[in-house]
Amino acid sequence: MNRIFEIAAGLTQVPGVSGEEERSFPYLKETFGHLFDEVGVTPVSSFYGIRHSKKPNAPTILMDAHLDTIGFVVTECCDGGFLKVLPVGGTSEKILPASEVWIHGKETIQGIFASKPPHLQEPGEAEKPMRMSDLSIDTGLNCKKEELEKIIRIGTYVSFKSSCERMNGQCAVSPYFDDRICAASILRALELVEGEELGANIAFQFSSREETGIAGARTTAYHLNPDFGFVLDVCHAYTEGCDESRKCCYMGKGCVISYAPQTTRTFTEAVHALAVKEKIPIQLMGESGHTGTNSNAIQTARGGIPVCLISVPLKNMHTANEIVDLRDARAAADLLAAFLRKLPYLGKEED
Amino acid sequence: MLNLSKKFLQAFSVSGAENGLAAIIKEELKSVADDCIVDPMGNLLIMRKGKNSAKKLMIASHMDEIGFVVTGFTGEGFVKVAPIGGIDAIASSFHKVRFQNGLSGVLVSESEVKAADLNVKKLVVDIGAKDKKDAEKKLKVGDLCAVAPMFQRLSGSRYAAKAFDDRIGCVVSAFAALHAEKPAYDTWFVFTVQEEVGCRGSKTSAFRIMPDYGIALDVTAADECGNGSPVTKLGKGAAIKIKDRSVLCSTAIVERLSALAEDAKIPYQYEVLPYGGTDTSSMQIAGAGCAAGCISIPTRYIHSPVETIDMKDLDACAKLLIEFIEKGI
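Residues numbered from 1 in each chain as written. Chains lettered and ligands numbered in written order. Predicted model: local features only at pLDDT ≥ 70, side-chain atom pairs only at ≥ 80, totals over all residues. Heavy atoms only, no water.

K.L.:
What am I meant to see in the side chain of Ser45 of chain A here?
P.N.:
Residue and element names in this part refer to chain A. Considering the arrangement of structural elements, one finds Ser45 in the loop between β1 (38-41) and β2 (47-51). Under the relative-accessibility criterion, Ser45 is labelled buried at 3%. Of note is the side chain of Ser45, whose polar atom sits 2.9 Å from the side chain of Glu22. Not counting chain neighbours up to four residues away, the residues in contact with Ser45 comprise Glu21, Glu22, Phe25, Leu67, Ser208 and Arg209. (Helix = DSSP H or I, 4+ residues; strand = E, 2+ residues; numbered from the N terminus. Buried < 20%, exposed > 50% of the residue type's maximum accessible area, 1.4 Å probe, protein only. Polar contact = N/O pair within 3.5 Å; in protein donor to acceptor, adjacent residues only side chain to side chain. Contact = heavy atoms within 4.5 Å.)

Written out as structure tokens, the structure is:
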């Protein structure tokens, strides 16, 4: 558990808002380069690493987690050291006031979302939904906009301030657990099988721009050209007050295997059976349409790629305090490592 | 560029029927083309060889414009139509329209519709037919029409026209194709089809070319409200796109265009568009992906018959594009 936390804590130190994932490349190369025979980046700012098998004609297994995090983009510098921004990826205005952010201009500076204090609001104003235009980011610089524009330009990306802490029990909290916790699971799995002879090549893709579409996953999967692949992303853990139908994924009960039109059933069944056999804690989820992950982008890359979706339950998605249970992330790592050793599925659909 | 604009704006080019404009552009650029392809979808691809043929640059501007398709006729001889692309009912109604076969009509709303209730479903075309039978002699279901061409000089270097979106992008691209010195890379000037209905032409053309770098030329909102501040300002130069709803532009392209504009003293501004989509996205995700960005032309009243631009911005866009074509990354 400590090792998964260590990896996740490292990964969540480097921001990578959709559109500016390059910021995390040096750290990734430096820290995880040794797990791969080659590493590289794509023109659409995904990071990848490949580990070759010595076996001739070995299949290539893709392991995808997305590198980008939600954030904001500056649309205007204002007098008084304030910035107007728009969201990059999905967020809720409700949770933003007083959140701490980093503004990645010529230098990275700190900022805090500012809004009209409740004391100063007109009667009834608090009941109105908050809009992005009601919010601004306070840099604390208290200067003319011309001064601000020397460091920050229109188009500058803004991320939540990075942090990663242990909570009570086996939980941990960070603004970047979507989807860095899943990358931590994959990297941990690769550590577990480090030095072992495997019957498959491993292509790890840390894809860009998931929060804004499919640009990173589809292009990187095209480039890596795998035989089949795992997509790892976070899903909503059941939280008090949620709909009954969400009572399928709980914190601490294992990683989640999805049966969905956007995943491949035979592959998923093989992974499911393996988890049962190896006594790795799992939970099951049935999804009817879009999974809201890279699974569709990869499933429809090139001539089609079989996909299995594994999720780590998370609370407070797309906020500055995303909570996960480290046991679930470890279950995902154990499941991937077991798969790599046993290879119960080789990507070839039998009649 | 003014002459090219007038020439391109005259063509009928509703999404799905861009071949007329493609022929005009092809004729204009044949003297500089090292290769020329019209693909099965109707995209026009003109290639100029570069110093380094190991790399490919794709320039995308779309030939199509929004319009209407005939869906049927009323007993009185009015022509029922459905929109192609993002039609603003208020901006389009009570204007003259032109059909692909040259027939003229006027786009009107059904009687007694108040402005607030007006929407595209309430628009019909009056072609002056006596009755249904008469109308059917002149048109058939599936025929296309668009607001009739309009081109008007306003004060100074500002002009209003129908379908500057994206004829003006085609003008910048064609101008660059004609006037750029030897390109840095093999450069494909692609005039795409069906952008207004989902960036369709650029998907297949980008897949054919598999570029290393992609630049789209398209219009963007100017001097209109967006999060309290205008997305771009008319007359303030070429707009380097950061994002729209379809794409987050590649940092490498944004940085390079900014540096080129600084060095050559070309006026520029940045564009963060909260809505809309461009061919940029198709290029970025073709195959294994490429570094893609967009030079946007500030335009007022987009998707109205009086889209308004400043020729000075057009000059800035063309200069910036030529810089990129000649110098590369």
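K.L.:
Sorry, what's going on with the sheet that holds strand β18 (residues 307-310) of chain B here?
P.N.:
Two modes of strand pairing occur in sheets, parallel and antiparallel, and in both the strands are linked by backbone hydrogen bonds. Residue and element names in this part refer to chain B. Taken in spatial order, the three strands make up an open sheet running β10-β11-β18, and their pairing is antiparallel. The two strands at the open ends of the sheet, each matched to only one other strand, are β10 (151-153) and β18. Between one strand axis and the next, the sheet turns through 20° on average, direction left out of account. Inspection of the sheet shows β10 paired to strand β11 (residues 158-161) by three bridges, in the antiparallel sense. Note on β11: the bridge partner recorded for Gln152 is Ala160. (Pairing = 2+ DSSP bridges. Axes fitted to C-alpha atoms, helices over the stretch in contact; angles between N-to-C directions.)

K.L.:
Quick question: what am I supposed to make of the interface of chain A and chain B here?
P.N.:
Interface size is commonly expressed as the accessible area that is lost once the parts come together. Between chain A and chain B, the contact holds 29 residues from the first and 23 residues from the second. Taken together, the two surfaces of chain A and chain B that pack against each other cover about 2,000 Å², and 61% of this comes from carbon and sulfur. In terms of surface lost to chain B, no three residues of chain A exceed Pro43, Arg153 and Tyr222 of chain A, which account for 25% of the buried area on that side. Counting across the interface, chain A meets chain B through one salt bridge. Close ionic contact of Arg153 of chain A with Glu255 of chain B constitutes a salt bridge, the shortest N to O distance being 3.6 Å. Remark: the boundary between chain A and chain B carries five residue pairs in polar contact (both at pLDDT 80 or more). Of the residues belonging to the side of chain A that touches chain B, the class tally is 14 nonpolar, eight polar and seven charged. (Buried area = accessible area lost by both parts, 1.4 Å probe. Salt bridge = Lys/Arg side-chain N within 4 Å of Asp/Glu carboxyl O. Nonpolar A, V, L, I, M, F, W, Y, C, P; charged D, E, K, R; others polar.)

K.L.:
Whenever I open this one, the domain arrangement of chain A confuses me. Can you help?
P.N.:
Residues and elements named next belong to chain A. As assigned here, chain A comprises domain 1 (2-69 + 175-346) and domain 2 (72-160). Of note, the centres of domain 1 and domain 2, computed from C-alpha atoms alone, are 32 Å apart. Listed by partner, the interface residues are 14 residues for domain 1 and 13 residues for domain 2. Each partner contributes to the roughly 1,100 Å² buried at the junction of domain 1 and domain 2, and carbon and sulfur atoms together form 63% of this total. Linking domain 1 with domain 2 are three residue pairs in polar contact (both at pLDDT 80 or more), by the criterion used here. A breakdown of the residues in the side of domain 1 that touches domain 2 according to their chemical character gives five nonpolar, six polar and three charged. (Domains from an automatic or database assignment.)

K.L.:
Help me understand the environment of Ile59 of chain B in this model?
P.N.:
For Ile59 of chain B, the position within the fold is in strand β3 (residues 52-62). In this structure the C-alpha to C-alpha distance between Ile59 of chain B and Leu217 of chain B, which are 158 residues apart in sequence, comes to 7.4 Å.

K.L.:
What exactly am I supposed to notice about the packing of helix α7 (residues 251-263) of chain B against helix α9 (residues 311-327) of chain B here?
P.N.:
Packed helices, taken two at a time, are described by their axes: the angle between them and the distance between them. All names here are of chain B. With their axes 10 Å apart at the nearest point, α7 and α9 run at an angle of 110° to one another. Taken together, the axes of α7 and α9 are roughly perpendicular relative to one another. Together, Ile253, Arg256, Leu257, Leu260 and Ala261 of α7 and Leu320, Glu323, Phe324 and Lys327 of α9 make up the contact between the two elements. Across the contact of α7 with α9, the residue classes break down as six nonpolar, no polar and three charged. (Parallel < 35°, antiparallel > 145°, perpendicular 65-115°, else oblique.)

K.L.:
Looking at this structure, how should I read the domain arrangement of chain B?
P.N.:
All names here are of chain B. Taken domain by domain, chain B comprises domain 1 (2-65 + 163-327) and domain 2 (67-147). For domain 1 versus domain 2, the separation of C-alpha centres amounts to 31 Å. Of the residues lining the interface, 13 residues belong to domain 1; the matching set on domain 2 comes to 14 residues. For the pairing of domain 1 and domain 2, the buried interface totals around 1,000 Å² over both sides, and the portion due to carbon and sulfur atoms is 65%. Where domain 1 packs against domain 2, one counts zero salt bridges. Summed over the shared surface of domain 1 and domain 2, the number is two residue pairs in polar contact (both at pLDDT 80 or more).

K.L.:
What is the right way to look at the packing of helix α5 (residues 164-179) of chain B against α9 of chain B in this model?
P.N.:
Residues and elements named next belong to chain B. The interhelical angle for the contact between α5 and α9, taken along N-to-C directions, is 45°, at an axis separation of 9 Å. Taken together, the axis directions place α5 and α9 in an arrangement best described as oblique. The hand of the α5/α9 crossing is right-handed. For the pair formed by α5 and α9, the contact residues are Ile168, Val172, Ser173, Phe175, Ala176 and His179 on the first element and Leu314, Cys317, Ala318, Leu321, Ile322, Ile325 and Glu326 on the second. Partitioned by chemical class, the residues of the contact of α5 with α9 number 10 nonpolar, two polar and one charged. (Left-handed = near helix turned anticlockwise from the far one by under 90°.)

K.L.:
What is the right way to read the layout of surface pockets from this model?
P.N.:
Where empty space is left becomes clear once a probe the size of a water molecule has been rolled over the atoms. In this model, the largest pocket occupies a volume close to 850 Å³. The element contributing the most residues to the lining of the largest pocket is strand β16 (residues 268-272) of chain B, with five residues. For the lining of the largest pocket, the residue count by class is 15 nonpolar, 13 polar and 12 charged. In this structure, the second largest pocket encloses a volume near 640 Å³. In this structure, the second largest pocket is lined by 32 residues; those nearest its centre are Ile214 and Ala215 of chain A together with Ser246, Ser281 and Ile285 of chain B. Every element with two or more residues in the lining of the second largest pocket is listed here: β5 (82-88) and α5 (215-224) of chain A together with α6 (200-209), β14 (238-244), β15 (247-248) and α8 (280-284) of chain B. The residue makeup of the lining of the second largest pocket, split by class, is 14 nonpolar, 10 polar and eight charged. (1 Å grid on protein atoms, 1.4 Å probe; cavity = no way out; pocket = protein on both sides within 12 Å on 5 of 7 lines; lining within 4 Å. Points joined across faces, edges and corners; volume = space filled by probe spheres on them.)

K.L.:
Whenever I open this one, the environment of Gly71 of chain A confuses me. Can you help?
P.N.:
Residue and element names in this part refer to chain A. Here Gly71 is to be found in strand β4 (residues 71-78). Note on Gly71: relative accessible area 1%, which makes it buried. Along the sequence, Gly71 and Val85 sit 14 residues apart, while their C-alpha atoms lie 9.7 Å from each other. For Gly71, the contacting residues outside a window of four places in its chain are Val17, Leu86, Pro87, Val88 and Val158.

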